[in-house]
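Coordinate inspection notes
Spelled out from the first residue to the last, the chains are:
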Amino acid sequence: MKLLLSIDGGGGATGTFNCTNNFVPNGGSEKALIVGPDGAPLSRATGRVEVLAQDGSVLSSNKDGTGNTLGADGLFFLGVMSVPGGTLGGAGRVTLRAWDSSTGATYDEASVKGQVSISLPSLDGGIKPPDNLIDSDFRGLRLAGGIG
């Protein structure tokens, strides 16, 4: 029996990360939630998120501007994402945008929204499964704004 291992000959493996906030940040006591202006976890029913590359392109799966729904109140589970230009073990940066879709269908239209730049110190990939955002500087996001 032979075991074959495919190696990317195109200059190295692409850096990836698992985009979920279902963790307690290092040194923290609560999960890194998306919360509304009132401090309560953003509702799964109306909460939307999207992740952007440094060039502004949408990395998350829903690319039509309406964002991805939250998987639970305050929590997103967007799966493994590749960072354009990111390499295995290298650093990367993405922007997470979140909004309450009851105040606008897209981020630009919403009146309750927020965004944060996230530094990813060591991208994974290849044979190493990608870590979630726990090793990044993401600590949660509190939205601002109001209805109307």
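Just above sits the structure.
Presented here is a report on the structure given in the accompanying data block.

Another aspect to go through is the pairing of strand β1 (residues 14-20). Buried residues dominate β1, accounting for 5 of its 7 residues. Two elements, β1 and strand β5 (residues 77-87), share 5 bridges in a ladder whose sense is antiparallel. Residue pairing across strands places T14 opposite T87, the latter belonging to β5.

Counted according to the given criterion, the structure contains 1 cavity of 30 Å³ or more. Around the largest cavity, the lining residues are T16, F17, L120, P121, S122, L123, D124, D131, N132, L133, D135 and S136. For the lining of the largest cavity, the residue count by class is 5 nonpolar, 4 polar and 3 charged.

A few words now on the packing of aromatic side chains. Inspection of every chain in the model, using the stated rule, returns 2 aromatic pairs. Measuring from ring centre to ring centre gives 5.9 Å for W99 and Y107, while their planes differ by 75 degrees; the resulting arrangement is edge-to-face. For Y107, a relative accessible area of 10% translates into the label buried. Positioned above the aromatic ring of Y107, the side-chain terminus of K113 is 4.8 Å from the ring centre.

This next bit is on the sheet that holds strand β9 (residues 144-145). The antiparallel open sheet is built from 5 strands, whose spatial order is β4-β3-β6-β7-β9. Lying at the two open borders of the sheet, with one neighbouring strand each, are β4 (68-69) and β9. Pairing of strand β6 (residues 92-100) with strand β7 (residues 112-120), which is carried by 8 bridges, proceeds in the antiparallel orientation. Paired with R97 across the two strands is Q115, which belongs to β7.

This next bit is on the environment of V51. As for its placement among the helices and strands, V51 is situated in strand β3 (residues 47-52). Note on V51: relative accessible area 1%, which makes it buried. In this structure, the C-alpha to C-alpha distance between V51 and G67, residues 16 residues apart in sequence, is 8.7 Å. Not counting residues up to four positions away in its chain, the partners in contact with V51 are C19, S57, V58, L59, S60, L78, M81, V94, T95 and L96.

Turning our eyes to something else, we now look at the nonpolar core. General note: in soluble globular proteins, nonpolar side chains tend to be found buried as a group. I34, F76, L96, L133 and F138 are the most contacted members of the largest nonpolar core, which totals 26 residues. Among the elements of the structure, β1, β3, β5, β6 and β7 are those that each provide at least two residues to this core. Leaving out residues up to four positions away in the same chain, F76 has contacts with C19, T20, N21, I34, V49, L70, G71, L96, L133 and F138.

Here we come to the pattern of salt bridges. One pass over the structure, following the stated rule, counts 1 salt bridge. A salt bridge links R97 to E50, with the shortest nitrogen-to-oxygen separation between them at 2.5 Å. One end of the pair, R97, is in strand β6; the other, E50, is in strand β3, and 47 residues separate them in sequence.

Thresholds, definitions, all that
- Residues numbered from 1 in each chain as written.
- Predicted model: local features only at pLDDT ≥ 70, side-chain atom pairs only at ≥ 80, totals over all residues.
- Heavy atoms only, no water.
- Buried < 20%, exposed > 50% of the residue type's maximum accessible area, 1.4 Å probe, protein only.
- Helix = DSSP H or I, 4+ residues; strand = E, 2+ residues; numbered from the N terminus.
- Pairing = 2+ DSSP bridges.
- 1 Å grid on protein atoms, 1.4 Å probe; cavity = no way out; pocket = protein on both sides within 12 Å on 5 of 7 lines; lining within 4 Å.
- Points joined across faces, edges and corners; volume = space filled by probe spheres on them.
- Nonpolar A, V, L, I, M, F, W, Y, C, P; charged D, E, K, R; others polar.
- Phe/Tyr/Trp six-rings, centres within 6.5 Å; stacked < 30°, edge-to-face > 60°.
- Lys NZ or Arg CZ within 6 Å of the ring centre and 35° of its normal.
- Contact = heavy atoms within 4.5 Å.
- Core = buried A, V, L, I, M, F, W, Y, C linked by side-chain atoms within 4.5 Å.
- Salt bridge = Lys/Arg side-chain N within 4 Å of Asp/Glu carboxyl O.

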